[in-house]
Amino acid sequence: MTLDDLAARARDLVTGRERALLGITGGPGAGKSTLAEHLVAALRQAPPPGHAADWVAYVPMDGFHLADVELDRLGRRGSKGAPDTFDAAGYAALLRRLRDDEDEVVYAPAFERDLEQPIAGSIPVFRAARLVVTEGNYLLLDDGDWKRVRDCLDEVWYCALDAGERLRRLITRHERFGKDHDAAVAWVMGTDQRNADLVATTRDRADLVVPDEVLRSIGGP
């Protein structure tokens with residue numbers, strides 16, 4: 001399996017004029033964003049006949065993080081990244097709106113890593129987009145409002161990065177965005193690991209498991 005193979009499979013999801021939605025999931029640090037970004041770049045370089053590069057769009061789940069002020073109100077700031085620290089219903093509603101394909105443009109929120117905050121209305125998805133790639137930890141979770149997410153997606157791929165490499169990447173990421181080494185390790189082995197253990201229980205529901213060697217071949221932090 002290679003990135004080209006994955007790109008071909010993603011292209012095959014689009015049939016006729018209907019918009020298709022592809023989900024990429026896996027634990028924190030498993031390479032979801034990196035895979036999505038490389039996949040979207042490859043697809044934009046080779047659009048189907050009659051389409052331009054904007055035939056594919058990228059909408060991460062992380063824009064649906066609850067803001068820190070709301071996490072403080074809920075007493076959940078220390079568990080940021082857990083399933084109940086996202087607006088799962090809002091994410092599902094956005095995916096349904098994208099699936100319905102009735103609007104000339106749909107605006108999605110992004111997540112600003114430097115601020116660690118969601119930013120509303122940051123990602124425009126135009127009518128030309130026939131494939132939307134989304135990624136996040138909880139696409140296959142079947143609890144609460146998360147159950148509505150899977151129904152909106154044509155396929156979900158699971159990133160199965162080696163556990164040691166996943167932890168290394170996570171620690172590096174937290175350090176890059178301001179945590180000292182000890183704080184980064186504590187967060188990764190605590191909050192992040194609890195979330196990773198939960199996500200791992202959803203692996204069997206995926207349509208495709210993307211193996212470690214493929215994820216390493218496209219790089220990471």
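Cut-off values and rules
Residues numbered from 1 in each chain as written. Predicted model: local features only at pLDDT ≥ 70, side-chain atom pairs only at ≥ 80, totals over all residues. Heavy atoms only, no water. Salt bridge = Lys/Arg side-chain N within 4 Å of Asp/Glu carboxyl O. Buried < 20%, exposed > 50% of the residue type's maximum accessible area, 1.4 Å probe, protein only. Helix = DSSP H or I, 4+ residues; strand = E, 2+ residues; numbered from the N terminus. Polar contact = N/O pair within 3.5 Å; in protein donor to acceptor, adjacent residues only side chain to side chain. Contact = heavy atoms within 4.5 Å. Expected span 1.5 Å × (residues − 1). Axes fitted to C-alpha atoms, helices over the stretch in contact; angles between N-to-C directions. Parallel < 35°, antiparallel > 145°, perpendicular 65-115°, else oblique. Left-handed = near helix turned anticlockwise from the far one by under 90°. Nonpolar A, V, L, I, M, F, W, Y, C, P; charged D, E, K, R; others polar. Pairing = 2+ DSSP bridges.

### Considering the pattern of salt bridges
Then comes step 1: Counted by the stated rule, this structure contains 21 salt bridges.
Then comes step 2: One salt bridge connects Asp84 with Arg76, and the closest N-O pair in it is separated by 2.9 Å.
Then comes step 3: Here Asp84 falls in the partly exposed class, since its relative accessible area comes to 42%.
Then comes step 4: Residue Arg168 is joined to Glu165 by a salt bridge in which the shortest nitrogen-to-oxygen separation is 2.8 Å. Pair noted here: Arg168 and Glu165 are both in helix α6 (residues 163-176), with a separation of three residues, about one helical turn.
Then comes step 5: Through salt bridges with shared partners, a single ionic network connects Asp162, Glu165, Arg168, Arg169, Asp212 and Arg216.

### Notes on the side chain of Asn137
Then comes step 1: Relative to the elements of secondary structure, Asn137 occurs in the loop between β5 (131-135) and α5 (147-150).
Then comes step 2: Within the structure, Asn137 has its side chain in polar contact with the side chain of Lys32 (distance 2.9 Å).
Then comes step 3: Beyond its immediate sequence surroundings of up to four residues, Asn137 is in contact with Thr25, Gly26, Gly27, Pro28, Lys32, Met61, Gly81 and Val199.

### Quick notes on helix α4 (residues 88-100)
Then comes step 1: Taking 1.5 Å as the rise per residue, α4 with 13 residues should run 18 Å; its terminal C-alpha atoms sit 18 Å apart, in good agreement.
Then comes step 2: For α4, the complete set of buried residues consists of Ala88, Gly90, Tyr91, Ala92, Leu94, Leu95 and Leu98.
Then comes step 3: Residues of α4 that are buried sit in contact with β1 (20-25), β3 (105-112), β4 (117-126), β5 and α5.
Then comes step 4: Phi turns positive one or two residues past the end of α4, at Asp101, with a value near 55°.

### Brief notes about the packing of α6 against helix α7 (residues 181-200)
Each pair of packed helices can be summarised by the angle the axes make with each other and by the distance between the axes.
Then comes step 1: In the contact formed by α6 and α7, the axes pass within 9 Å of each other and the chain directions differ by 125°. Comparing their axes, α7 and α6 come out oblique. Note that α6 runs across α7; the crossing there is right-handed. Facing Arg166, Leu167, Leu170, Ile171, His174 and Glu175 of α6, the residues of α7 in contact are His181, Ala184, Val185, Trp187, Val188, Met189, Asp192, Gln193 and Ala196.

### Points about the packing of helix α1 (residues 3-12) against helix α2 (residues 32-45)
Then comes step 1: In contact at an axis separation of 10 Å, α1 and α2 are set at 70° when each is read in the N-to-C sense. With respect to each other, α1 and α2 are oriented roughly perpendicular. Contacts between α1 and α2 involve Leu3, Leu6, Ala7, Ala10 and Arg11 on the former and, on the latter, Leu35, His38, Leu39 and Leu43.
Then comes step 2: Its residues assigned to classes, the contact of α1 with α2 shows seven nonpolar, one polar and one charged.

### Section: the environment of Gly136
Then comes step 1: Take Gly136: it is sitting in the loop between β5 and α5.
Then comes step 2: As for Gly136 and Trp157, which are separated by 21 residues in sequence, their C-alpha atoms are 11 Å apart.
Then comes step 3: Once residues lying within four places of it in the same chain are set aside, the contact partners of Gly136 are Ile24, Thr25, Gly26, Lys32 and Met61.

### Things to note about the sheet that holds β1
Sheet strands pair via backbone hydrogen bonds, and the direction of the pair is either parallel or antiparallel.
Then comes step 1: Within the open sheet, the five strands sit side by side as β2-β5-β1-β6-β7. Their pairing is parallel. On the outer flanks of this sheet lie β2 (56-58) and β7 (208-210), each paired with one strand and no other. Each strand axis lies, on average, 25° off the axis of its neighbour in the sheet, ignoring direction.
Then comes step 2: Sheet topology note: the β1/β5 ladder contains five bridges and is parallel. Paired with Leu22 across the two strands is Val133, which belongs to β5.
Then comes step 3: Strands in contact with α2 are β1, β2, β5, β6 (155-159) and β7; relative to β2, the strand with the most contacts, it is inclined by about 160°.

In short, the description is geometric, and any link to function would need to be established separately.
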